Amino acid sequence: MGIWKRLFGKPKTLLTENDPMKKFLIVGLGNIGAEYAETRHNIGFKVLDQLAKKEDLSFATQKLGDLTTFKIKGRTALLLKPSTYMNRSGKAIKFWLDKEKIPMENLLVITDDINLPFGTIRIKGKGSDGGHNGLKDTQLFLNTTKYNRFRFGVGADFSQGRQVDYVLGAWNPEEEAAIPERLERASEVIKSFMLAGMARTMNQYNNT
């Protein structure tokens, strides 16, 4: 019975906070598997991994992703790395948003962006998917373009027709050397979003 329940029972909620405005869902987009781990497309995973490492958090595999919780000054975030692959990210986001009864305004989706120079931070409260398949699927499942997204620039140093190879490729040596500082900055963005709100975070961190 115990095994059956673990396999087919409904997953329990992970956040104990009762006040919905103090609950957050921070999602890093990426693809599961070792072959994708160090690619540009997986910067969303890397940002959450950096925060988890700094705060001594451990991810556990749950329904539709790897998750952990992060608490700061009376606020709690569910950190989610979807296991659905990039093109189906919206399914995991919608599931955990509903499961934990987290307000839409407390959702932050972290993704790579070829339209921004490497390392550039751009935070917005709404907008188009910009051709990004992860954001396309998120928009489809949430049925809105009005959700917070944190775009991390990866540049566009590729020739025509080579976009897929580029985003699924590894960082060049210069980028790799700069990544640690950029990831640390990205961790600060998450904390600011939770504590100071979207408007102040945009003003402080956009294009830095």
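In the block above lies the structure referred to throughout.
First, a word on what this report is: a plain description of the structure on this page. Fair warning: this is a prediction, and the values are worked out from it, not measured in the lab. Sequence order sets the numbering: in each chain, residues are counted from 1 along the sequence as written. The predicted origin of the model limits local features to residues at a pLDDT of at least 70 and limits the giving and counting of side-chain atom pairs to 80 or more, whereas totals for whole chains, interfaces and linings rest on all residues. Excluding hydrogens and water, the side-chain figures rest on all heavy atoms present in the structure.

## Thoughts on the overall build of the chain
Rules: In DSSP terms, a helix is any run of H or I states spanning at least four residues, a strand is any run of E spanning at least two, and both are numbered starting from the N terminus. Here the term buried applies to any residue with accessible area under 20% of the maximum for its type, exposed to any over 50%, and partly exposed to those in between, with areas from a 1.4 Å probe on protein chains only. Throughout, a contact is declared for two residues whenever any of their heavy atoms are within 4.5 Å. A 1.4 Å probe and the Shrake-Rupley method give the accessible areas. Residues count as covered only by the protein chains that appear here.
Scanning the chain from terminus to terminus reveals seven helices and seven strands. Secondary structure of the chain in N-to-C order comes out as α-β-α-β-β-β-α-β-β-α-β-α-α-α. Dimensions of the chain, computed from C-alpha atoms along their principal axes, come out at roughly 55 × 40 × 35 Å. In the chain, which comprises 208 residues, the proportion classed as buried is 45%. Put simply, 71% of the contacts in the chain that link residues at least 6 apart link residues at least 24 apart. As presented, the chain carries roughly 10,700 Å² of accessible surface, and 50% of it is formed by carbon and sulfur atoms.

## Here's the deal with the packing of aromatic side chains
We count it as follows: Pairing of aromatic side chains requires ring centres within 6.5 Å, counting the rings of Phe and Tyr and the six-membered ring of Trp. Pairs whose planes differ by under 30 degrees are stacked, by over 60 edge-to-face, and all others tilted.
Going through the model one piece at a time under the given rule, you end up with five aromatic pairs. Between phenylalanine 118 and tryptophan 171, the ring centres sit 5.7 Å apart and the planes meet at 70 degrees, which makes this aromatic pair edge-to-face. With phenylalanine 118 in the loop between β5 (107–113) and β6 (121–124) and tryptophan 171 in the loop between α5 (163–167) and α6 (173–196), the pair connects residues that are 53 residues apart, well separated along the chain. In this structure phenylalanine 118 comes out as partly exposed when scored by relative accessible area, which is 25%. Where phenylalanine 158 meets tyrosine 166, the ring centres are 5.2 Å apart and the plane angle is 40 degrees; that geometry is what we call tilted. Its relative accessible area of 25% is what places phenylalanine 158 among the partly exposed residues.

## Focus: the sheet that holds strand β2 (residues 60–62)
Put simply, the test is: Strand pairing follows a simple DSSP-based rule, namely that at least 2 bridges must link the two strands. Axes, fitted as lines to C-alpha atoms, cover a helix only where it is in contact. Angles between the N-to-C directions of the axes lie from 0 to 180 degrees.
Taken in spatial order, the seven strands make up an open sheet running β2-β3-β4-β1-β5-β7-β6, and their pairing is mixed. This sheet does not close on itself; its edge strands, each paired only once, are β2 and β6. Geometrically, the sheet is characterised by an average inter-axis angle of 25 degrees between neighbouring strands, direction not taken into account. Direction of pairing for strand β1 (residues 23–28) relative to β5: parallel, over a ladder of four bridges.

## Notes on the packing of helix α3 (residues 89–99) against helix α4 (residues 133–142)
Our working rule: Each angle is binned into one of four classes, with values under 35 degrees roughly parallel, values over 145 roughly antiparallel, values of 65 to 115 roughly perpendicular, and all other values oblique. In this scheme, a crossing is called left-handed if the near helix is turned counterclockwise away from the far one by less than a right angle; it is called right-handed if the turn is clockwise. For this scheme, ten residues count as nonpolar: Ala, Val, Leu, Ile, Met, Phe, Trp, Tyr, Cys and Pro. Four count as charged, namely Asp, Glu, Lys and Arg, and the remainder, Gly too, count as polar.
Following both chains from N to C, one finds α3 and α4 inclined at 45 degrees, their axes separated by 7 Å at the closest point. When the axes of α3 and α4 are compared, the pair comes out oblique. Considering how the two elements wind past one another, α3 and α4 form a crossing that is right-handed. Here α3 contributes Ser89, Gly90, Lys91, Ile93, Lys94 and Leu97 to the contact with α4, which in turn contributes Gly134, Asp137, Thr138, Phe141 and Leu142. In terms of residue class, the contact of α3 with α4 is built from four nonpolar, four polar and three charged.

## Here's the deal with unusual backbone geometry
In this structure, lysine 101 takes a positive phi of about 55 degrees despite not being glycine. Structurally, lysine 101 is set in the loop between α3 and β5. Overall, the relative accessible area of 64% leaves lysine 101 in the exposed class. Non-glycine residue asparagine 207 carries a positive phi angle of around 65 degrees. Position of asparagine 207 relative to the elements: it lies in the segment after α7 (198–205).

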